[in-house]
Protein chains: 2
Amino acid sequence: MKVNKELLKGSTVILVLSLLDRAPMYGYQMIKEIEKKSGGVFKFKEGTLYPILHSLEANGMIESYWLGNEGSRQRKYYRITDKGNHCLKEKQQEWETFRSAVDKILTGRLIYGYKTE
Amino acid sequence: MKVNKELLKGSTVILVLSLLDRAPMYGYQMIKEIEKKSGGVFKFKEGTLYPILHSLEANGMIESYWLGNEGSRQRKYYRITDKGNHCLKEKQQEWETFRSAVDKILTGRLIYGYKTE
DNA sequence: TATCTATGCATAGTTAATCTAGGTATTAAT
DNA sequence: ATTAATACCTAGATTAACTATGCATAGATA
């Protein structure tokens with residue numbers, strides 16, 4: 001990770017659902033995709049992604065199916081469900097709220113008075 | 001919190017340092033200030049803020065001093081140090097990187113192919 | 001004057017998201 | 001044949017923020 005990894009907390013699910021909202025993918029592919037799209041900023045660990053996928057599937061946000069590439073290796077693809085799509089929309093709104101709130105504080109002006117010893 | 005509290009992780013320190021970069025403040029004041037500036041999105045708990053302040057002080061990012069309001073109650077003010085200011089600049093850059101990377105994924109286009117069963 | 005609310009600092013223990021570190025197996029390249 | 005990349009998985013450790021307290025002062029209100 002190029003950034004403080006704690007920053008990522010709370011953002012992983014929206015990143016995963018965003019990817020799957022555009023196309024079904026398998027886990028390993030998502031790791032590469034996220035790294036590529038983020039310009040190398042996010043490098044998901046397998047120990048991070050796979051438990052998230054399993055949890056999202058258990059909650060009905062995504063569905064999985066095995067698919068082989070013309071007789072070659074089997075890959076476990078995930079696609080987003082209607083419920084997951086609804087959840088994604090909520091999280092997109094949440095992200096906008098969060099980002100805006102942080103920026104307000106980073107760029108904000110002083111409200112209360114100034115006091116020093 | 002109006003947003004998933006996990007989103008906040010990794011962002012607390014930059015928020016605190018940003019406030020102190022504009023004026024010294026005491027803890028309770030910072031809680032109110034952050035709530036006000038964020039439009040009510042962030043409501044820091046005391047159990048969140050005070051340990052952060054103590055940790056930042058232990059690391060030389062901020063300094064504290066007690067100050068009374070004309071003979072009234074004593075308040076513990078914090079001001080940012082040079083080291084803290086340097087840290088803040090790094091974290092501002094980190095925030096930009098992070099925010100931009102998330103937005104790239106949320107709005108990004110498909111890179112690999114599309115596959116379904 | 002008694003009580004309630006807001007202010008103000010502090011911390012021990014809990015929770016939960018991510019990482020570490022390991023495992024297994026297939027495929028492609030050297 | 002060996003190595004690197006691909007591809008899945010999970011138990012346990014880490015750690016940041018929260019919960020739930022405690023204590024104390026100041027101001028308002030009845």
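Just above, that's the structure.
As a starting point, this report considers the structure included with it. The structure presented is a predicted model; accordingly, all values stated were derived computationally and were not measured.

In terms of regular secondary structure, chain A is built from five helices and three strands. The buried share of chain A, reckoned over its 117 residues, is 46%. The long-range fraction of contacts in chain A, counting pairs at least 24 apart against all pairs at least 6 apart in sequence, stands at 49%. Accessible area of chain A: about 6000 Å², with a carbon and sulfur share of 49%.

So, on to the pattern of salt bridges. Tallied over the entire structure, the rule returns twelve salt bridges over all chains. Residues Glu6(A) and Lys9(A) are paired through a salt bridge, measuring 3.4 Å at the closest nitrogen-oxygen approach. Several salt bridges share partner residues, and in doing so they unite Glu96(A), Arg99(A) and Asp103(B) into one network.

To continue, consider helix α3 (residues 27–37) of chain B. Those residues of α3(B) that sit buried are Gly27(B), Gln29(B), Met30(B), Ile31(B), Glu33(B), Ile34(B) and Lys37(B). Among the structural elements, α5 (82–107) of chain A together with α2 (12–22), β1 (25–26), α4 (46–58) and β3 (74–80) of chain B are those in contact with the buried residues of α3(B). Just downstream of α3(B) lies Gly39(B), where phi reads positive at about 70 degrees.

Quick look at the relation of the copies chain A and chain B now. Rotating chain A by 180 degrees and moving it 0.0 Å along the rotation axis overlays it on chain B with an RMSD of 0.0 Å. Taken together, these values place the two copies in the relation of a two-fold axis. Across chain A, the smallest distance between a C-alpha and the rotation axis is recorded for Lys9(A), namely 3.2 Å.

Take the protein's contact with DNA strand D next. Not every one of the 24 residues close to DNA strand D is listed here, only the nearest: Tyr28(A), Arg73(A), Arg75(A), Thr48(B) and Arg73(B). Close to the protein, within 4 Å, the atoms of DNA strand D are drawn from sugar and phosphate at a rate of 66%. One of the side-chain nitrogen or oxygen atoms of Arg73(A) is found 2.7 Å away from a base oxygen of DNA strand D. If you list the elements that add at least two residues to the surface near DNA strand D, you get α3 (27–37), α4 (46–58) and β3 (74–80) of chain A together with α1 (5–8) and α4 of chain B. With five residues, α4(A) is the largest single contributor of residues to the surface near DNA strand D.

Applying the stated criterion to the full structure yields two cavities of 30 Å³ or more. Along the walls of the largest cavity sit Gly10(A), Ser11(A), Ile14(A), Lys91(A), Glu94(A), Trp95(A) and Leu7(B), which together make up its complete lining. Take the lining of the largest cavity: its biggest share by element is three residues, from α5(A). Looking at the lining of the largest cavity, its residues break down into three nonpolar, two polar and two charged. When its volume is computed, the second largest cavity comes out at roughly 40 Å³. Lining the second largest cavity are Leu7(A), Gly10(B), Ser11(B), Ile14(B), Lys91(B), Glu94(B) and Trp95(B).

Moving on: the interface of chain A and chain B. Interfaces are often described in size by the accessible area the parts lose on coming together. Listed by partner, the interface residues are 53 residues for chain A and 53 residues for chain B. Both sides together, the interface formed by chain A and chain B hides about 5300 Å², and carbon and sulfur atoms give 65% of it. The tally of links between chain A and chain B comes to two salt bridges. Residues Asp103(B) and Arg99(A) are paired through a salt bridge, measuring 2.9 Å at the closest nitrogen-oxygen approach. If you look at where chain A meets chain B, you find eight residue pairs in polar contact (both at pLDDT 80 or more). Elements supplying a minimum of two residues to the side of chain A that touches chain B: α1 (5–8), α2 (12–22), α3, β2 (62–68), β3 and α5 of chain A. Take the side of chain A that touches chain B: its biggest share by element is twelve residues, from α5(A).

What counts and how
Residues numbered from 1 in each chain as written. Chains lettered and ligands numbered in written order. Predicted model: local features only at pLDDT ≥ 70, side-chain atom pairs only at ≥ 80, totals over all residues. Heavy atoms only, no water. Helix = DSSP H or I, 4+ residues; strand = E, 2+ residues; numbered from the N terminus. Buried < 20%, exposed > 50% of the residue type's maximum accessible area, 1.4 Å probe, protein only. Contact = heavy atoms within 4.5 Å. Areas by Shrake-Rupley, 256 points an atom, 1.4 Å probe, with all protein chains shown as cover. Salt bridge = Lys/Arg side-chain N within 4 Å of Asp/Glu carboxyl O. Least-squares fit on C-alpha atoms with pLDDT ≥ 70 in both. Near = heavy atom within 4 Å. Polar contact = N/O pair within 3.5 Å; in protein donor to acceptor, adjacent residues only side chain to side chain. 1 Å grid on protein atoms, 1.4 Å probe; cavity = no way out; pocket = protein on both sides within 12 Å on 5 of 7 lines; lining within 4 Å. Points joined across faces, edges and corners; volume = space filled by probe spheres on them. Nonpolar A, V, L, I, M, F, W, Y, C, P; charged D, E, K, R; others polar. Buried area = accessible area lost by both parts, 1.4 Å probe.

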